[in-house]
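# A structural walkthrough
Now for the letters of each chain:
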Amino acid sequence: MTVTQAAPIVRTADRDPQQRRWSILVLLCLSLLLITVDATVLHIAVPALTAALEPSAVQLLWIIDIYSLVVAPLLIMFGTLGDKYGRKRLVLWGFVLFGLASAGAAFAPSPLTLILARALLGVGGAMIMPATLSLIRQVFTDRRERAIALGVWSAVAAAGAAVGPLIGGVLVGWWWGAVFLINVPILVVLLPAAARLLPESRERKDQPWDAVSAALSVAGILALAFGLKEAGSGSLMPLWASIAVFLGGVWLLVMFVRRQSRLRTPFLEVGLFRRREFTTGVVGVLLGVFALVGLQLMLAQYLQLVLGDSPVQAALRMLPLVLSAITGGLAAAHILPRVGMRATMSGGLGLVALALTPTLSWGVEGHPVMLAVCFVGIGFGVQVALLAASDTIMAAAPESKAGGAAAIEETAYELGAGMGVAVLGTITAIVYAPGLPTVAGVPEGGMDKARQSLAAAAHVADEIGGGVGGALLDAARWAFVNALHTTVVVSVVLLSLTAVAVATLLSRD
């Protein structure tokens, strides 16, 4: 007698992750979008938030910056924890924390509560971000498909930063807390989907996890980012103290690197930086995001305070940047295999520099068509460069270290965003203040306040009113435009030099 065995029932969760890799990609990109949007969503929502909670100038700076300051130092730690204990588990707990923190931020009754909620958002984001890249590396084993997946990922990463002000401008018209509360229903959908779709990565509990290395990396990157921020804003300490904190961060990171070279099982494969392609990819991410986020914040101020756009109008004017970023990421996946990493990365950085050049001839008049063209060039060029950098970084790392490599890239992403705002914002402030001449009829105290920022000058001009107020606002706008030109020159030179360096140092492959 023949016994026929019943075929086993294969559940969705038990299928080969490669069979559902594109569904996993959609889930990971939606998760990444939430995190990157939160980094810039307050750029346009600040006035409404200020009116509601009345934070001090220092508190407002911390409300904006605390998210990135928390995310950046924790990425490497959570990336390695995901490699050791499982990436899926970390993503699920990150979703829970991100959702709770979003609800807390939306209903924050005071500036301090909002700062704390934003810090918890940073912790949740740091738990999720490294897994988005390392899981792509895990489920997309084909190099060509992985390039497409990374193109989508990098497009979402940059589009999230670019679309943040757009979302903030639209939601803030209803209620400032909506910019945070919108995360909650999205996460309610994402959490069960992630539990069902995401593959389990192999746990490596026998692999040592060095707590001292974790502390050195977190403290070093935090000191580096905090010192840089304070050197630019001077909100809590003098310049010399900011420099001391920054140098202390450098020293801690040097100690971290030296410790890794002595460990049998290092916390992070710093040896990856000996590979020219890996290091160049990290630098490409750092400078690409530096240009995107830093210039985005400066141009948002230009649109609102120089051209007089409302928050929604300014956000809509940035829409070409979002669309071109998405297009650039998708197109780069097809460009990269044909022309190679060197041409893709150097060409993308060069395009951003070229797209910025026309702004050097602008004044306080509007240039709607050319502005849209420049935004298209910036978004497309940054995405092409980021795709080449992401593909190189992840291809250089073994699967067992994919989380650590992803964390390095995303740390470069967050530091690039923070440095872009801090460095370009500082340059703008340094040139703006002495460039604003004394206006007849404006008291000395009013001029001192007006020289702090263009927003402060607009407030003083509104209080004074009449012809004197109008003259002050006109002078402040021209001073800001001249300062913006200096910032653009610095960006163009930096991007051009990096493009040349990439073309010189890297091979054609």
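Below: a short report on this structure. The residue count restarts for each chain, going from 1 along the sequence in the order it is written. For a predicted model such as this one, the threshold for reporting local features is a pLDDT of at least 70, and the threshold for listing and counting side-chain atom pairs is 80 or more; totals across whole chains, interfaces and linings nevertheless cover every residue. The side-chain values count all of the structure's non-hydrogen atoms but skip hydrogen atoms and water molecules.

## What to know about the overall build of the protein
Numbered from the N terminus, helices here are DSSP runs of H or I no shorter than four residues, and strands are runs of E no shorter than two. Broken down by element type, the protein carries 18 helices and 0 strands. Each residue is assigned to one of three classes by its accessible area relative to the maximum for its type, calculated with a 1.4 Å probe on protein chains only: buried under 20%, partly exposed between the two thresholds, exposed over 50%. When the 509 residues of the protein are sorted by exposure, 55% land in the buried category. Any two residues having at least one pair of non-hydrogen atoms within 4.5 Å are treated as being in contact. The contacts of the protein with a sequence gap of at least 6 include a subset with a gap of at least 24, amounting to 82%. Note on areas: Shrake-Rupley, 1.4 Å probe, and residue coverage restricted to the protein chains presented here. Carbon together with sulfur atoms contributes 68% to the accessible area of the protein, which is approximately 20600 Å² in total.

## Brief notes about helix α14 (residues 368-396)
One less than the residue count of a helix, multiplied by 1.5 Å, gives the span that helix is expected to have. For α14, spanning 29 residues, the distance from its first C-alpha to its last is 42 Å, which sits close to the expected 42 Å at 1.5 Å a residue. Within α14, 21 of the 29 residues are buried, which leaves the element mostly enclosed by the surrounding structure.

## Overview of empty space enclosed by the protein
Grid points spaced at 1 Å over the protein atoms alone were grouped into cavities, where a 1.4 Å probe fits but cannot get out, and pockets, open sets with protein on both sides within 12 Å along at least five of seven lines, with lining residues defined by an atom within 4 Å of a point. Grid points are joined across faces, edges and corners, and a volume is the space filled by probe spheres set on the points. For the structure on display, the rule yields 3 cavities of 30 Å³ or more. In this model, the second largest cavity occupies a volume close to 40 Å³. L299, Y302, T359, W362, G363, V481, L484 and H485 together form the lining of the second largest cavity. For the lining of the second largest cavity, the secondary-structure elements that each account for two or more residues are α11 (276-306) and α18 (466-505). Sort the elements by how many residues they give to the lining of the second largest cavity and α18 lands first, with 3 residues. Of the residues belonging to the lining of the second largest cavity, the class tally is 5 nonpolar, 3 polar and no charged. Gly is put with the polar residues, along with every residue not named as nonpolar or charged; the nonpolar set is Ala, Val, Leu, Ile, Met, Phe, Trp, Tyr, Cys and Pro, and the charged set is Asp, Glu, Lys and Arg.

## A look at a nonpolar patch on the surface
On the surface, L239, I243, F246, L247, V250 and V254 cluster together into a nonpolar patch covering about 490 Å² of accessible area. Assignment of secondary structure puts L239 in helix α10 (residues 239-262). For patch building, the residue pool is restricted to those with more than 30% relative accessible area and no salt bridge; the joining distance is 9 Å between like charges and 5 Å between nonpolar side chains (Val, Leu, Ile, Met, Phe, Trp, Tyr). Salt bridge, as used here: a side-chain nitrogen of Lys or Arg that lies within 4 Å of a carboxyl oxygen of Asp or Glu.

## Observations regarding the nonpolar core
Looking at soluble globular proteins, one finds that nonpolar side chains tend to be buried together. One finds L114, F180 and Y302 to be the most contacted residues of the largest nonpolar core, which totals 144 residues. Residue contributions to this core peak at 15 residues, all from helix α3 (residues 57-85). Setting aside its immediate chain neighbours within four residues, Y302 contacts L307, W362, G363, E365, F480, V481 and L484. For this analysis, a nonpolar core means a set of buried residues of the types Ala, Val, Leu, Ile, Met, Phe, Trp, Tyr and Cys, connected via side-chain atoms within 4.5 Å.

## Section: the layout of surface pockets
Reported here for the second largest pocket is a volume of approximately 520 Å³. Around the second largest pocket, the lining comprises 21 residues; the ones closest to its centre are L224, L253, F273, T411 and L415. Taken together, the elements giving at least two residues each to the lining of the second largest pocket come down to α9 (211-233), α10, α11 and α15 (402-435). In the lining of the second largest pocket, the residues fall into 19 nonpolar, 2 polar and no charged.

## Considerations on the packing of aromatic side chains
To pair, rings of Phe, Tyr and Trp, with the six-membered ring standing in for Trp, must have centres within 6.5 Å; the planes then decide the type, stacked if under 30 degrees apart, edge-to-face if over 60, and tilted in the middle. Enumeration according to the criterion identifies 1 aromatic pair in this entry. Between the aromatic rings of F107 and W175, the centroid separation amounts to 5.4 Å while the plane-to-plane angle is 45 degrees, which identifies the pairing as tilted. Remark: W175 occurs in the loop between α6 (143-171) and α7 (178-181) and F107 occurs in the loop between α4 (87-106) and α5 (111-139); sequence separation between them is 68 residues. Given a relative accessible area of 55%, F107 falls into the exposed group. W175 gets classed as partly exposed once you look at its relative accessible area, which sits at 25%.

## Section: the packing of α4 against α5
Remark: α4 packs on α5, axes separated minimally by 8 Å, with the N-to-C direction vectors making an angle of 150 degrees. With respect to α5, the axis of α4 lies roughly antiparallel. Crossing of α4 against α5: the hand is left-handed. Helix axes are fitted to C-alpha atoms over the stretch in contact, other axes to C-alpha atoms as well, and angles between N-to-C directions run from 0 to 180 degrees. Orientation is classified from the angle alone, with under 35 degrees giving roughly parallel, over 145 giving roughly antiparallel, 65 to 115 giving roughly perpendicular, and any other angle giving oblique. Put simply, a crossing is left-handed when the front helix is turned counterclockwise from the back one by less than a right angle, and right-handed when it is turned clockwise.

## Some thoughts on the environment of P111
With respect to the helices, strands and loops of the structure, P111 is situated in helix α5. In this structure P111 touches L53, P55, Q59 and I63, once residues within four positions along its chain are discounted.

## Some points on the environment of A149
As for its position among the elements, A149 is in helix α6. In this structure the C-alpha to C-alpha distance between A149 and L330, which are 181 residues apart in sequence, comes to 8.8 Å. When neighbours within four sequence positions are excluded, A149 is seen to be in contact with L25, I136 and F140.

Functional significance is not addressed by these values, which are geometric in nature.
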